[in-house]
Amino acid sequence: MVNLGLQVRLEAKPGKEKELEEFLQTQLSYALGEPGTVVWVAIKISPGVFGIFDAFADETGRKAHLEGEIAKALQGSAGASLLAKPPLIEQISILAAKLPGSGEVPDTLG
């Protein structure tokens, strides 16, 4: 069951909007390599404001993702050069989800 998630808000430095968008697109390959990351979506909320939504079946997957390559890049030199302020990372519980092959409601919220 997918019942844990992350919601991340990213604000680009002025003039770095396109670079941040391209950076997020390149991070998909890292997310695809994380077996514990069930869902990974990068979004554009408004000009200069972006987000990432992740979903996990358990805390082990979420912890691995938070220690993975995408998080390291956002908290390292890529983040420093592209972001106006540190990422806002919120740990969330997923109440219901429609995923390919399922229409599951978690039996526990972790």
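Everything quoted here is computed from the prediction, not taken from an experiment.

A look at the sheet that holds strand β4 (residues 88-93)
And then number 1: Read across the open sheet, the four strands follow the order β2-β3-β1-β4; overall the sheet is antiparallel. Two strands close off the open sheet at either side, each with one partner strand: β2 (37-46) and β4. Put simply, the sheet's adjacent strands are angled 15° from each other on average, direction ignored.
And then number 2: Note that strand β1 (residues 4-11) and β4 share six bridges and pair antiparallel.

As for the confidence of the model for the protein chain
And then number 1: On average, the protein chain scores 91 in pLDDT, and the residues at 70 or more come to 91%.
And then number 2: Confidence scores differ between elements of the protein chain, with helix α5 (residues 77-82) showing the lowest mean pLDDT of 93 and β1 the highest of 98.

Looking at the pattern of salt bridges
And then number 1: Taken as a whole and judged by the stated rule, the model has eight salt bridges.
And then number 2: Its salt-bridge partner being E21, residue K44 comes within 3.5 Å of it at the nearest N-O pair. Of this pair, K44 sits in strand β2 while E21 sits in helix α1 (residues 17-26); the two residues are 23 residues apart in sequence, bridging distant segments of the chain.
And then number 3: Judged by its relative accessible area of 23%, E21 falls in the partly exposed class.
And then number 4: A salt bridge links E69 to K72; the nearest nitrogen and oxygen atoms lie 3.7 Å apart. Of the two residues, E69 and K72 both sit in helix α4 (residues 69-75), three residues apart, roughly one turn of that helix.
And then number 5: Where salt bridges share partners, they join R9, E11 and K85 into one cluster.

Some thoughts on helix α3 (residues 59-66)
And then number 1: Listed as buried for α3 are G61, R62 and H65. What you see down the axis of α3 is that its buried residues fit within an arc of 100°, all on one side.

Calculation rules
Residues numbered from 1 in each chain as written. Predicted model: local features only at pLDDT ≥ 70, side-chain atom pairs only at ≥ 80, totals over all residues. Heavy atoms only, no water. Pairing = 2+ DSSP bridges. Helix = DSSP H or I, 4+ residues; strand = E, 2+ residues; numbered from the N terminus. Axes fitted to C-alpha atoms, helices over the stretch in contact; angles between N-to-C directions. pLDDT = per-residue confidence, 0-100. Salt bridge = Lys/Arg side-chain N within 4 Å of Asp/Glu carboxyl O. Buried < 20%, exposed > 50% of the residue type's maximum accessible area, 1.4 Å probe, protein only. Arc of directions from axis to C-beta.

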